[in-house]
Amino acid sequence: MIHESAMIGKNVTIGKNTIIEEHVSIGDNVSIGNNVTIKANTQIGDNVQINDLTVLGKGTSTNKKMARKPSTKLDPLIIENDVIIGCSCVIYRSVLLKRGVFVGDLSSIRENVAIAEDSIIGRNVMVENNTTIGKRVTIQTGCYITADMEIEDEVFFGPCCSTSNDKYMGMGNFVLQGPIVKRGAKIGNNATLLPAIVIGENSIVGAGAVVTKDVPNNKTVVGNPGKTLK
Amino acid sequence: MIHESAMIGKNVTIGKNTIIEEHVSIGDNVSIGNNVTIKANTQIGDNVQINDLTVLGKGTSTNKKMARKPSTKLDPLIIENDVIIGCSCVIYRSVLLKRGVFVGDLSSIRENVAIAEDSIIGRNVMVENNTTIGKRVTIQTGCYITADMEIEDEVFFGPCCSTSNDKYMGMGNFVLQGPIVKRGAKIGNNATLLPAIVIGENSIVGAGAVVTKDVPNNKTVVGNPGKTLK
Amino acid sequence: MIHESAMIGKNVTIGKNTIIEEHVSIGDNVSIGNNVTIKANTQIGDNVQINDLTVLGKGTSTNKKMARKPSTKLDPLIIENDVIIGCSCVIYRSVLLKRGVFVGDLSSIRENVAIAEDSIIGRNVMVENNTTIGKRVTIQTGCYITADMEIEDEVFFGPCCSTSNDKYMGMGNFVLQGPIVKRGAKIGNNATLLPAIVIGENSIVGAGAVVTKDVPNNKTVVGNPGKTLK
């Protein structure tokens, strides 16, 4: 079920029951699993691996109650060379996965997200829209990366971290802003980051900490509420 | 692969490799993705959108060790008009999704759950059995909504909240009861709610709080263990 | 799409669009759903139930930045009698699921994991590699079980617990070691366990606790950081 307008490179293997829609382009030496759906206009580079049951290039949808209406016009999903994507992932339109990015099984990445070279998005990670993730970042299994967030190069998130971008929780009187995590910061597992806080360069957030204020560079914060160690 | 006993309305689009079992009924203007399974007796209204790789109307199963045996007799799954369901969801029998409900990708809703009009179930949310969710409720990405829980109208759960219903953790000497969250309450991201506690109307639970006792109406609770602010 | 080298027992039902690769063996009275992929060499016993959209026997993959390179040689996935596996699961090669194990929907189990008789792996649970799980263990929905972890018999994990195995968060100067949870211990929902700690026999970790040190046998620990109650 490959649409006749799709452009497929050399040495591409395509699994069973896989659907490739119109104007998809796929480079050389790409491997695609079973039951995959690659939606219209998705662009895939060379040496890419896409595992079973993944959906690439999903559009957005919305219901009556949602604050933010989806963009009506979204760019295609672009997947650069050497990217690996797991099983049962859902990746939206207007996402850019740069060279060497790894996306684990059961992960989802929403629209208007860019992830830079060689970063790791673990299994079961959810990335919301309008977020940028730098180079060589590790986001371990089960993290929730909220919308409107900035993650600089070489940041490390341990498993199950939670972030948020809405100080007033749906009351609508706050400009949505996720946390800003500066270069080289390390966040321990199951930590909680509040909206709009800044985690400084090379700072460390302890496992289970609840960070309610900005953390300066090169500091360690632990506890609930998070306190900076001397 | 549409069973001959299924009733399909006007202007319905059905994706590739989708399986529709016996006695399913589908209204008008419905869009169904690829690799979807709609199990026997499921009832779907008008203007419904079901995305790729979703399973609707799953029965229950159990192993030797499980405390609660599944009901042998379950009603069909009912999906009312204007509902949107994401990719890779699993929704069980005996669930009622009322008009305008939105269910994000990779979510799962177990049996004997009712979700009222226009509520949002975010991506990767797990809802357990025997729980009721009111109107215009928002449950953000990655929340865990336990069994035997009551969520009233206009409640807001931030991402990654966790709830539980078993005080003695599998020892069997406790009537299972999840938290009761009253109208308009707002729960911050990654908060933890213990079994059987009541969160009062319009109360606020801070991000990362661990709520071990009832919270009166119009109060704010933060910290671990959660303390009510004056 | 059943490979001619696969060995299929008596009274086996196989859903639509399901792919069974070379040298798979399947026992008697097995039920397999729609859109399932069973990869090469997987061995399945009698009375097993595998639900829709699940992938069995996945190999590992890696990118440039990952610390641990995958084993090049992995044993097949072995599933013993009476095992039940949900929808949209991903289970890797070199996993052993012993008799009567239950795996919920949307769960994933990585390579070199053994799970003993009658244990329950809840929905949306992620189990990392090189971990052993004993008999009659309950791991509730949404838990993250890290790599290099030992869970003894009859342990109970409430929902959404988080564990980690890397004290220095990717800096590479620590032998990776997950927590060790002794027989009969009970972990409350959304608790956080740090690397290499030991939770003693029959001890209790409160909901939302952050456990940074070993817990002796028969003790209860609560809070952040976790403190042992007298």
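An unreviewed UniProt entry annotates chain A as DapH/DapD/GlmU-related protein originating from Heyndrickxia oleronia.

A. How the structure looks around the overall build of chain A. Each helix and strand in chain A was counted, giving 0 helices and 32 strands. Over its C-alpha atoms chain A spans a radius of gyration of 18 Å, differing by no more than 12% from the 17 Å that the globule rule assigns to 230 residues. In terms of its C-alpha atoms, chain A occupies a principal-axis envelope of roughly 60 × 35 × 20 Å. In chain A, which comprises 230 residues, the share counted as buried stands at 60%. Counted over contacts in chain A with a minimum sequence separation of 6, partners at least 24 positions apart contribute 20%. Summed over its atoms, the accessible surface of chain A is roughly 8300 Å², and 48% of this surface lies on carbon and sulfur atoms.

B. Structural context of the interface of chain B and chain A. Contacts between the two partners involve 40 residues from chain B, matched on the other side by 43 residues from chain A. Between chain B and chain A, a total of about 3100 Å² is buried, with carbon and sulfur atoms accounting for 57% of that surface. Linking chain B with chain A are 4 salt bridges. The closest approach of N and O atoms between Arg123(B) and Glu128(A), which form a salt bridge, is 3.1 Å. Counting residues per element, the ones that place at least two in the side of chain B that touches chain A are strand 26 (186–187) and strand 29 (204–205) of chain B. Along the lines of polarity and charge, the residues of the side of chain B that touches chain A split into 16 nonpolar, 17 polar and 7 charged.

C. Inspection of the interface of chain A and chain C at higher detail. Taken residue by residue, the interface counts 40 residues in chain A and 43 residues in chain C. A combined buried area of about 3100 Å² lies between chain A and chain C, and 57% of that area is made up of carbon and sulfur atoms. Among the salt bridges present, the one from Lys58(C) reaches Asp105(A), with a minimum N-O distance of 2.7 Å. Remark: the boundary between chain A and chain C carries 20 residue pairs in polar contact (both at pLDDT 80 or more). At the level of secondary structure, the elements contributing two or more residues to the side of chain A that touches chain C comprise strand 26 (186–187) and strand 29 (204–205) of chain A. When grouped by side-chain class, the residues that make up the side of chain A that touches chain C number 16 nonpolar, 17 polar and 7 charged.

D. How the structure looks around the relation of the copies chain A and chain C. Between chain A and chain C, which share one sequence, the superposing operator has a rotation angle of 120° and an axial displacement of 0.0 Å; the RMSD is 0.0 Å. The operation mapping one copy onto its partner corresponds to a three-fold rotation axis.

E. Structural view of the relation of the copies chain B and chain A. Take chain B, turn it by 120°, move it 0.0 Å along the axis, and it overlays chain A with an RMSD of 0.0 Å. Of the residues that chain B buries at the interface, just 18% are likewise interface residues in chain A, meaning the two copies contact each other through different surfaces.

F. View of a nonpolar patch on the surface. A cluster of nonpolar side chains, contributed by Ile2(A), Ile8(A) and Ile14(A), occupies part of the molecular surface with about 210 Å² of accessible area. As for its position among the elements, Ile14(A) is in strand 2 (residues 13–14).

G. Region of interest: the pairing of strand 9 (residues 55–58) of chain B. Residues and elements named next belong to chain B. In the sheet, strand 6 (residues 37–38) pairs with strand 9 via 2 bridges, with the strands oriented parallel. Residue threonine 37 lies in a different strand from strand 9, and its bridge partner there is valine 55. Alignment of strand 9 against strand 12 (residues 90–92), held across 3 bridges, turns out to be parallel. Of the residues in strand 12, the one forming a bridge with lysine 58 is tyrosine 92.

H. Just unusual backbone geometry, in detail. All names here are of chain B. That bond from asparagine 224 to proline 225 is cis: its omega, -5°, falls within 30 degrees of zero. Even without a glycine there, the phi angle at serine 94 is positive, about 65°. Structurally, the position occupied by serine 94 is in the loop between strand 12 and strand 13 (95–97). Take serine 94: its relative accessible area is 12%, and that puts it in the buried class. A positive phi angle is found at asparagine 218, which is not glycine, with a value near 60°. Within the element layout of this structure, asparagine 218 appears in the loop between strand 30 (210–211) and strand 31 (220–222). Relative accessible area serves as the criterion here: at 57%, asparagine 218 is assigned to the exposed category.

I. Structural context of the environment of Thr146(B). All names here are of chain B. Structurally, the position occupied by threonine 146 is in the loop between strand 21 (144–145) and strand 22 (150–151). Judged by relative accessible area, threonine 146 falls into the buried class, the value being 2%. Along the backbone, threonine 146 and aspartate 52 are 94 residues apart, and their C-alpha atoms lie at a distance of 26 Å.

J. The arrangement of the sheet that holds strand 31 of chain B in detail. All names here are of chain B. An order of 2-5-8-11-14-17-20-23-26-29-31-32 is seen for the 12 strands of this open sheet, with the pairing classed as mixed. Strands with a single pairing partner mark the edges of an open sheet, and in this sheet they are strand 2 (13–14) and strand 32 (227–228). Sheet analysis places strand 17 (residues 120–121) next to strand 20 (residues 138–139), joined by 2 bridges and oriented parallel. Across the sheet, the residue bridging to isoleucine 121 is isoleucine 139, located in strand 20.

K. Examining the pattern of salt bridges more closely. Scanning all chains against the criterion turns up 33 salt bridges over all chains. In this structure, Asp118(B) engages Lys64(A) in a salt bridge whose closest nitrogen and oxygen atoms are separated by 3.4 Å. Note that Asp118(B) is positioned in the loop between strand 16 (113–115) and strand 17 and Lys64(A) in the loop between strand 9 (55–58) and strand 10 (78–79), a pairing that runs across two chains.

What counts and what doesn't
Residues numbered from 1 in each chain as written. Chains lettered and ligands numbered in written order. Predicted model: local features only at pLDDT ≥ 70, side-chain atom pairs only at ≥ 80, totals over all residues. Heavy atoms only, no water. Helix = DSSP H or I, 4+ residues; strand = E, 2+ residues; numbered from the N terminus. Rg over C-alpha atoms; globule rule 2.2 N^0.38 Å. Buried < 20%, exposed > 50% of the residue type's maximum accessible area, 1.4 Å probe, protein only. Contact = heavy atoms within 4.5 Å. Areas by Shrake-Rupley, 256 points an atom, 1.4 Å probe, with all protein chains shown as cover. Buried area = accessible area lost by both parts, 1.4 Å probe. Salt bridge = Lys/Arg side-chain N within 4 Å of Asp/Glu carboxyl O. Nonpolar A, V, L, I, M, F, W, Y, C, P; charged D, E, K, R; others polar. Polar contact = N/O pair within 3.5 Å; in protein donor to acceptor, adjacent residues only side chain to side chain. Least-squares fit on C-alpha atoms with pLDDT ≥ 70 in both. Patch = residues over 30% accessible without salt bridge, like charges linked within 9 Å, V, L, I, M, F, W, Y side chains within 5 Å. Pairing = 2+ DSSP bridges.

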